[in-house]
Amino acid sequence: METRIFFNPGDSVANIHDYNEAVRKGQIFKRERHNDDLVIAKGPNDEEYAIFYAKDALPAEHQASKPYEVKKKL
């Protein structure tokens with residue numbers, strides 16, 4: 001089952017084409033920051049994986065929000 005979450009694309013920590021690289025960079029970022037949960041997500045038409053802070057999720061009706069499919073939570 002797909003989990004959909006909404007973010008402002010400008011809030012991403014990183015955008016990476018390769019899923020495994022996105023996971024690796026997310027784990028490194030999480031280890032350095034320790035404080036917030038991260039989400040690796042992919043937009044419906046995007047070729048990139050985006051890394052977001054989970055706390056930055058927006059409601060679907062927010063004007064800057066775009067839908068992303070959650071691939072992994074860190």
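Criteria and cut-off values
Residues numbered from 1 in each chain as written. Predicted model: local features only at pLDDT ≥ 70, side-chain atom pairs only at ≥ 80, totals over all residues. Heavy atoms only, no water. Helix = DSSP H or I, 4+ residues; strand = E, 2+ residues; numbered from the N terminus. Rg over C-alpha atoms; globule rule 2.2 N^0.38 Å. Contact = heavy atoms within 4.5 Å. Areas by Shrake-Rupley, 256 points an atom, 1.4 Å probe, with all protein chains shown as cover. Lys, Arg positive; Asp, Glu negative; His and termini not counted. Charge placed at Lys NZ, Arg CZ, Asp CG, Glu CD. Salt bridge = Lys/Arg side-chain N within 4 Å of Asp/Glu carboxyl O. Buried < 20%, exposed > 50% of the residue type's maximum accessible area, 1.4 Å probe, protein only. Polar contact = N/O pair within 3.5 Å; in protein donor to acceptor, adjacent residues only side chain to side chain.

1. Notes on the overall build of the protein chain
Here is step 1: Across its full length, the protein chain holds one helix and five strands.
Here is step 2: Listing every helix and strand of the protein chain by position from the N terminus yields β-β-α-β-β-β.
Here is step 3: Against the compact-globule benchmark of 11 Å for 74 residues, the protein chain has a radius of gyration of 11 Å, which places it among compact chains.
Here is step 4: If you line up the protein chain on its principal axes, its C-alpha atoms span 35 × 25 × 25 Å.
Here is step 5: Sequence separation of 24 or more characterises 69% of the internal contacts of the protein chain that already satisfy a separation of 6 or more.
Here is step 6: Summed over its atoms, the accessible surface of the protein chain is roughly 4,800 Å², and 44% of this surface lies on carbon and sulfur atoms.
Here is step 7: For the protein chain, the distance from the average site of its 12 positive side-chain charges to the average site of its 13 negative ones is 4 Å.

2. Structural notes on the pattern of salt bridges
Here is step 1: Taken as a whole and assessed by the stated rule, the structure comprises five salt bridges.
Here is step 2: With its nearest N and O atoms 3.1 Å apart, the salt bridge here joins Lys30 to Asp37.
Here is step 3: We classify Lys30 as partly exposed; its relative accessible area is 22%.
Here is step 4: Members of the salt-bridge network, linked through shared partners, are Glu21, Arg24 and Lys25.

3. Brief notes about the environment of Glu47
Here is step 1: Mapped onto the elements of the fold, Glu47 is located in the loop between β3 (38–42) and β4 (49–53).
Here is step 2: For Glu47, a relative accessible area of 64% corresponds to the exposed category.
Here is step 3: For the pair formed by Glu47 and Lys71, sequence separation is 24 residues and the distance between their alpha carbons is 13 Å.
Here is step 4: Here Glu47 is in contact with His17 and Lys42, once residues within four sequence places are set aside.

4. Quick notes on the side chain of Ser12
Here is step 1: Along the chain, the position of Ser12 falls in the loop between β1 (4–7) and β2 (14–16).
Here is step 2: For Ser12, the side chain forms a polar contact with the side chain of Asn15, separated by 3.3 Å.
Here is step 3: Those residues within four positions of Ser12 in sequence are excluded, and the remaining contacts are Ala50, Ile51 and Phe52.

5. Some remarks on the side chain of Ser65
Here is step 1: The topology assignment puts Ser65 in the loop between β4 and β5 (66–73).
Here is step 2: A distance of 3.3 Å separates the side chain of Ser65 from the backbone oxygen of Pro59, its partner in a polar contact.
Here is step 3: Those residues within four positions of Ser65 in sequence are excluded, and the remaining contacts are Phe6, Phe7, Leu58, Pro59 and Ala60.

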